[in-house]
Amino acid sequence: MEGKWDAYKKGRGMMVKKFIAHPYTALIGRILLGAIFIYAGVSKILEPDQFAQAVINYRIMPLVSVNLFAIVLPWLELVSGIFLLVGLFSGGSIVMVTVLMALFLGAIGSTWLRGLDITCGCFSADGAHKITLLYFIRDLLLFTLSLQVLFYDRGILSLDRLLKRGG
Amino acid sequence: MLKRSIIEFIGIFLFATILAFVTNFFRSDGLPLLRPKLLSPLSENKDSNTISLQTLKGRYEQPGVVILDARSPEEFAEGHIPGAKNLPYYEFSEKASVVLKDIPCDREIITYCEGLECSNAEDLAFLLKENGYALVKVFEGGWEEWRENGMPIKRGEG
């Protein structure tokens, strides 16, 4: 009986591992992350002032440098999101997305730990919502997804692969 | 593979940064590159929003004046202007309600940080203005100038 249970557990573990490492899982992750980053970037680009104010509220950088950050970050999100979605420069764009996710995770985590009563500023749609543990969990999931894509993406349905074949 | 990813990463960073600055330059609601001190409500008139050591010397012990130290609690404990309260800029949200509890909005407040190189005093003054304190001034020389001129020092948490 015990042997059967162990075999079942082992088999299930293998299935989970297979699912995580499967290139199609990475493809879905890549498309999902790309779409999320495009949406996040565009919503910030449309309202630069609002985003700059959201950055100020985090109180993690001197005021003088807030605008530089607020100008550049949305474009980093948009450009890496587009590249990720179409699979062009996939390696670099997933590294960028992972780095940004780590940055967001740190900012949200520190805000939550400090108990700041501020809005996230992550997307325009959640502008009115205060940062809670749920935001941290959401970013943690996205960060994990970015790591999955980083390690297991094999370039299915990507321009990179298409260009490689063409070249 | 790793090398290629790093090169692509740098390329994406540069491409997005250039795109960001160009777009920001041409759009009507673009942000100024640096949040200039001139744009903050604090510095519309620099002379009336800063205070010199000479003036502060005669004012810091007056009962109506509130002095706020924008540095960290550790730096504050090592030494501060006598009578100053500690309200670090980076802990404004957590500590403001306690530190500013008995300070009415029409009271004159003077902020300072380490010295000319730091911006926390001005940033704190900006937040105070946003929170309704109209008479906020920055002692730009800060702790450095105060100490170097042999002014009285208080140690501890205040």
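The rules behind the values
- Residues numbered from 1 in each chain as written.
- Chains lettered and ligands numbered in written order.
- Predicted model: local features only at pLDDT ≥ 70, side-chain atom pairs only at ≥ 80, totals over all residues.
- Heavy atoms only, no water.
- Contact = heavy atoms within 4.5 Å.
- Buried area = accessible area lost by both parts, 1.4 Å probe.
- Polar contact = N/O pair within 3.5 Å; in protein donor to acceptor, adjacent residues only side chain to side chain.
- Helix = DSSP H or I, 4+ residues; strand = E, 2+ residues; numbered from the N terminus.
- Nonpolar A, V, L, I, M, F, W, Y, C, P; charged D, E, K, R; others polar.
- Buried < 20%, exposed > 50% of the residue type's maximum accessible area, 1.4 Å probe, protein only.
- Core = buried A, V, L, I, M, F, W, Y, C linked by side-chain atoms within 4.5 Å.
- Domains from an automatic or database assignment.
- Pairing = 2+ DSSP bridges.
- Axes fitted to C-alpha atoms, helices over the stretch in contact; angles between N-to-C directions.
- Parallel < 35°, antiparallel > 145°, perpendicular 65-115°, else oblique.
- Left-handed = near helix turned anticlockwise from the far one by under 90°.
- Patch = residues over 30% accessible without salt bridge, like charges linked within 9 Å, V, L, I, M, F, W, Y side chains within 5 Å.
- Areas by Shrake-Rupley, 256 points an atom, 1.4 Å probe, with all protein chains shown as cover.
- Salt bridge = Lys/Arg side-chain N within 4 Å of Asp/Glu carboxyl O.

Caption draft 1: Local environment of the interface of chain B and chain A. On the chain A side, the residues contacting the 31 residues of chain B number 35 residues. In total, chain B and chain A occlude about 3100 Å² of area from one another, counting both sides; carbon and sulfur atoms represent 68% of this. The three residues of chain B that bury the most area against chain A are Ile12, Leu31 and Arg35 of chain B, which together make up 23% of that side's buried surface. One can count 6 residue pairs in polar contact (both at pLDDT 80 or more) joining chain B with chain A. Of all the elements in the fold, those that place two or more residues in the side of chain B that touches chain A are helix 1 (2-26), helix 5 (92-99) and helix 6 (120-130) of chain B. Per-element accounting of the side of chain B that touches chain A gives the leading share, 14 residues, to helix 1 of chain B. Considered class by class, the residues forming the side of chain B that touches chain A number 17 nonpolar, 6 polar and 8 charged.

Caption draft 2: Focus on unusual backbone geometry. Residues and elements named next belong to chain A. Even without a glycine there, the phi angle at Phe89 is positive, about 50 degrees. Mapped onto the secondary structure, Phe89 falls in the loop between helix 4 (63-86) and helix 5 (90-114). Classification of Phe89 by relative accessible area gives partly exposed; the value is 34%.

Caption draft 3: Quick peek at the nonpolar core. With 54 residues, the main nonpolar core has Leu33 of chain A together with Leu68, Phe92, Leu100 and Leu128 of chain B as its most contacted residues. The biggest single contributor to this core is helix 4 of chain A, with 12 residues. Three or more residues apiece are contributed to this core by two domains, here domain 1 (1-31) and domain 2 (37-148) of chain B. Ignoring any residue separated from it by four or fewer positions in sequence, one finds Leu68 of chain B in contact with Lys85, Leu87, Val99, Leu100, Ile109, Ile110, Thr111, Tyr112, Leu124 and Leu128 of chain B. In terms of nonpolar packing, the next biggest core, distinct from the first, is built from 15 residues, Ile51, Leu53, Phe76 and Ile110 of chain B among them.

Caption draft 4: Inspection of the sheet that holds strand 1 (residues 65-69) of chain B at higher detail. All names here are of chain B. On the basis of which strands lie adjacent, the open sheet formed by 4 strands has the order 2-1-3-4 and parallel pairing. In this open sheet, the two edge strands, each paired with only one partner strand, are strand 2 (85-86) and strand 4 (136-138). Here 2 bridges tie strand 1 to strand 2, and the two strands are oriented parallel to one another. For Leu68, the partnering residue across the bridge sits in strand 2 and is Lys85.

Caption draft 5: Examining the packing of helix 4 of chain A against helix 1 of chain B more closely. Relative to each other, helix 4 of chain A and helix 1 of chain B sit at 125 degrees, their axes nearing to 8 Å. With respect to their mutual orientation, helix 4 of chain A and helix 1 of chain B come out oblique. Between helix 4 of chain A and helix 1 of chain B lies a crossing of right-handed hand. Residues Leu68, Ile71, Val72, Trp75, Leu76, Val79, Ser80 and Phe83 of chain A of helix 4 of chain A form the contact with helix 1 of chain B, whose participating residues are Ile12, Phe13, Phe15, Ala16, Thr17, Leu19, Ala20, Phe21, Thr23 and Asn24 of chain B.

Caption draft 6: How the structure looks around a nonpolar patch on the surface. A contiguous nonpolar patch, built from Leu2, Ile6, Ile10, Phe13, Leu14, Ile18, Val22, Phe25 and Phe26 of chain B and spanning about 980 Å² of accessible area, is present on the exposed surface. Along the chain, Leu14 of chain B falls in helix 1.

Caption draft 7: Just the pattern of salt bridges, in detail. With the rule as written, the count across this model stands at 9 salt bridges over all chains. Between Lys44 of chain A and Glu77 of chain A there is a salt bridge; the shortest N-O distance is 2.7 Å. Of the two residues, Lys44 of chain A is situated in helix 2 (residues 23-46) and Glu77 of chain A in helix 4; the sequence distance between them amounts to 33 residues. Under the relative-accessibility criterion, Glu77 of chain A is labelled buried at 2%. Its salt-bridge partner being Arg71 of chain B, residue Glu114 of chain B comes within 3.5 Å of it at the nearest N-O pair. Here Glu114 of chain B is found in the loop between strand 3 (108-112) and helix 6, whereas its partner Arg71 of chain B is found in the loop between strand 1 and helix 4 (73-78), with 43 residues between them in sequence. Given the relative accessible area of 4%, Arg71 of chain B is considered buried. Taken together, the salt bridges that share partners define one network made up of Asp69, Arg71 and Glu114 of chain B.

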